[in-house]
Amino acid sequence: MSAVSGNQLGMAADGGRWRVLSLLCLAVVLSLTTWFSATAILPELKQELALGPGGEAWLTNGVQVGFVIGALAASLVNLPDLVRLSRLMAAASLVAALANASLLLHPGPGGVIAARIVTGAALAGVYPPALKLVATWFARDRGLALGAVIGALTVGSALPHLFRAVSTALDWRPVVAAASLATAIGALLFLLFAREGPYPFGKAVFEPSRIGQVFRERPLLLANLGYLGHMWELYAMWAWLLAYTRAAFEAQAIGSAAAASLSTFFVVASGILGCLLGGYLSDRIGRTATTAGMMIVSGSCALLMGFLFTGPLWLFMLVAVVWGVSVVGDSAQFSAAVTELGDRRFVGTALSVQLGAGFALTVLAIWLTPRFADFIGGWRWAFLLLVPGPVLGASAMLILRRLPVATKMASGKR
């Protein structure tokens, strides 16, 4: 192939990659609405199903558990290498839509939790493959592109709160129906527009015998500790922010349920700004500086929320939005770091271990947070439980920054 034709192909790929990224992000936004669809209507489901604190947590934790099961099962059989990614993501989104829609059939507490587990397992066929697919289009600007996908996940996770905010005069069913319909539309977009780019990966094989290597190699261990610290905070914050905001608004004599849902939507959705900023910064100042900086900010916000619980409202919302931006802004960069630091032959194993451990930890954090709130007598200081996560994560990434091997990340930027 001549140099001219090679350049033309490269220019065509560059021109098409942003269109593909936009369509994939839209599909991810729509598909991920099912993740927190039950959380957005938790007060109504709690009353209708007579759920205790344990049942409340499992409405969210069911998705987390299902996601871990689905991700590890897909890794064991190398599902993304056996099924075309567009078909895999479309089928997984459709299953998630159907599982979520089954809530409309009033399956009872056990059935609802089972439906949430199936939803999580299905979404494991959407989120990780979407990251892999986008990476095949971006040899450069990959941090920004992956950040955009995580941003789409963030907006999708926030959308049920918007559905709830605009339908408070109705019961919870329109929220479930809207999320299910959005996910079905996402499935169609994946089927029609998802295709691999010009920089495909080789098979990312999961080899259980190599799991020990992830923990023996200090750079990988530090990157994963950073990720675990990040995950301890992220999903517990997303899961319980509505309950926290409702309690804070009551303390501030703001009794509108719609206001709490709308505020939760804006706080969680603001994370898209953090994801794009995190991707931009990581490609320019490095993975460790970006992730540590984001966690320092997010941990500080988690600490401040209790002091602002009773107002003033403008300052409470300002800190909450900054937290929403920073709590997820570094998310994509931990996976990027593992792909750069680890042996390329075992990237699949390293990513599977990171993903499985991280989402398993979210189950514990989500389960503990309301119990901690009950133990200390209310929601005001409940988010103090999350502060150790970003402290540990930022410390790990700053230690990693001092290692010579850190130059392997982000084209030499630590």
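For the structure, check the block above.
First, a word on scope: everything that follows refers to the structure included in this document. Quick caveat: nothing in here was measured; it's all calculated off a predicted structure. (Residues numbered from 1 in each chain as written. Predicted model: local features only at pLDDT ≥ 70, side-chain atom pairs only at ≥ 80, totals over all residues. Heavy atoms only, no water.)

**Comments concerning the overall build of the chain**
Here is step 1: Regarding its fold elements, the chain presents 18 helices and zero strands.
Here is step 2: Out of the 414 residues belonging to the chain, those deemed buried represent 56%.
Here is step 3: Nonlocal contacts in the chain, meaning residues at least 24 apart in sequence, comprise 83% of its contacts between residues at least 6 apart.
Here is step 4: Total accessible area computed for the chain in this model is approximately 16000 Å², and 69% of it derives from carbon and sulfur atoms. (Helix = DSSP H or I, 4+ residues; strand = E, 2+ residues; numbered from the N terminus. Buried < 20%, exposed > 50% of the residue type's maximum accessible area, 1.4 Å probe, protein only. Contact = heavy atoms within 4.5 Å. Areas by Shrake-Rupley, 256 points an atom, 1.4 Å probe, with all protein chains shown as cover.)

**Details of helix α8 (residues 142-165)**
Here is step 1: Helix length check: α8 (24 residues) gives 35 Å between terminal C-alpha atoms against 34 Å at 1.5 Å per residue, within 8%.
Here is step 2: Of all the bends in α8, the largest measures some 30 degrees and sits at alanine 158, one to four residues before the proline proline 160.
Here is step 3: Counting buried positions along α8 gives 21 out of 24 residues, so the element sits mostly inside the fold. (Expected span 1.5 Å × (residues − 1). Bend = angle between axes of the 7 residues up to and from the residue.)

**Observations regarding the side chain of serine 261**
Here is step 1: Its location among the elements puts serine 261 in helix α12 (residues 257-269).
Here is step 2: Residue class for serine 261 comes out buried when judged on its relative accessible area of 0%.
Here is step 3: Ignoring sequence-local partners within four residues, the contact set of serine 261 consists of His161, Arg164, Ala165 and Leu242.

**Points about the pattern of salt bridges**
Here is step 1: Tallied over the full model, the rule gives three salt bridges.
Here is step 2: Here arginine 164 makes a salt bridge to glutamate 44, at a shortest N to O gap of 2.7 Å. Of the two residues, arginine 164 sits in helix α8 while glutamate 44 sits in helix α2 (residues 42-49), which places them 120 residues apart along the sequence.
Here is step 3: Arginine 164 sits in the buried class, given a relative accessible area of 2%.
Here is step 4: The closest approach of N and O atoms between arginine 173 and aspartate 171, which form a salt bridge, is 2.2 Å.
Here is step 5: Looking at aspartate 171, the relative accessible area reads 36%, which means it is partly exposed.
Here is step 6: One network of salt bridges, with partners in common, ties together Glu48, Asp171 and Arg173. (Salt bridge = Lys/Arg side-chain N within 4 Å of Asp/Glu carboxyl O.)

**Remarks on unusual backbone geometry**
Here is step 1: Note that the residue after glycine 311, namely proline 312, is joined by a cis bond; omega there is 5 degrees.
Here is step 2: Note that proline 312 resides in the loop between α14 (287-305) and α15 (313-328).
Here is step 3: If you check the backbone angles, alanine 253 has positive phi at about 60 degrees while not being a glycine.
Here is step 4: When you line up the elements, alanine 253 lands in the loop between α11 (218-251) and α12.

**Examining the packing of α8 against α12**
When two helices pack together, their arrangement is given by the angle between the helix axes and the distance between those axes.
Here is step 1: Relative to each other, α8 and α12 sit at 165 degrees, their axes nearing to 8 Å. In terms of orientation, α8 lies roughly antiparallel with respect to α12. In the crossing of α8 with α12, the sense of the turn from one axis to the other is left-handed. Residue-level contacts link Thr154, Val155, Ala158, Leu159, His161, Leu162, Arg164 and Ala165 of α8 to Ala258, Ser261, Leu262, Thr264, Phe265, Val268 and Ala269 of α12.
Here is step 2: Within the contact of α8 with α12, the residues separate by chemical class into 10 nonpolar, four polar and one charged. (Axes fitted to C-alpha atoms, helices over the stretch in contact; angles between N-to-C directions. Parallel < 35°, antiparallel > 145°, perpendicular 65-115°, else oblique. Left-handed = near helix turned anticlockwise from the far one by under 90°. Nonpolar A, V, L, I, M, F, W, Y, C, P; charged D, E, K, R; others polar.)

**Some details on the packing of aromatic side chains**
Here is step 1: Taken as a whole and judged by the stated rule, the model has 19 aromatic pairs.
Here is step 2: Taken together through their ring pairs, the aromatic side chains of Trp35, Phe36, Phe67, Tyr127, Tyr235, Trp238 and Phe359 make up a single cluster. (Phe/Tyr/Trp six-rings, centres within 6.5 Å; stacked < 30°, edge-to-face > 60°.)

**Description of α11**
Here is step 1: The end-to-end C-alpha separation of α11 is 46 Å, in line with the 50 Å expected for 34 residues at 1.5 Å each.
Here is step 2: At tryptophan 240, α11 shows its largest bend, some 50 degrees.
Here is step 3: With 26 of 34 residues buried, α11 is to be regarded as a mostly interior element.
Here is step 4: Note on α11: the residue one or two positions beyond its end, alanine 253, has a positive phi of about 60 degrees.

Geometric descriptors of this kind do not, in isolation, establish any biological role.
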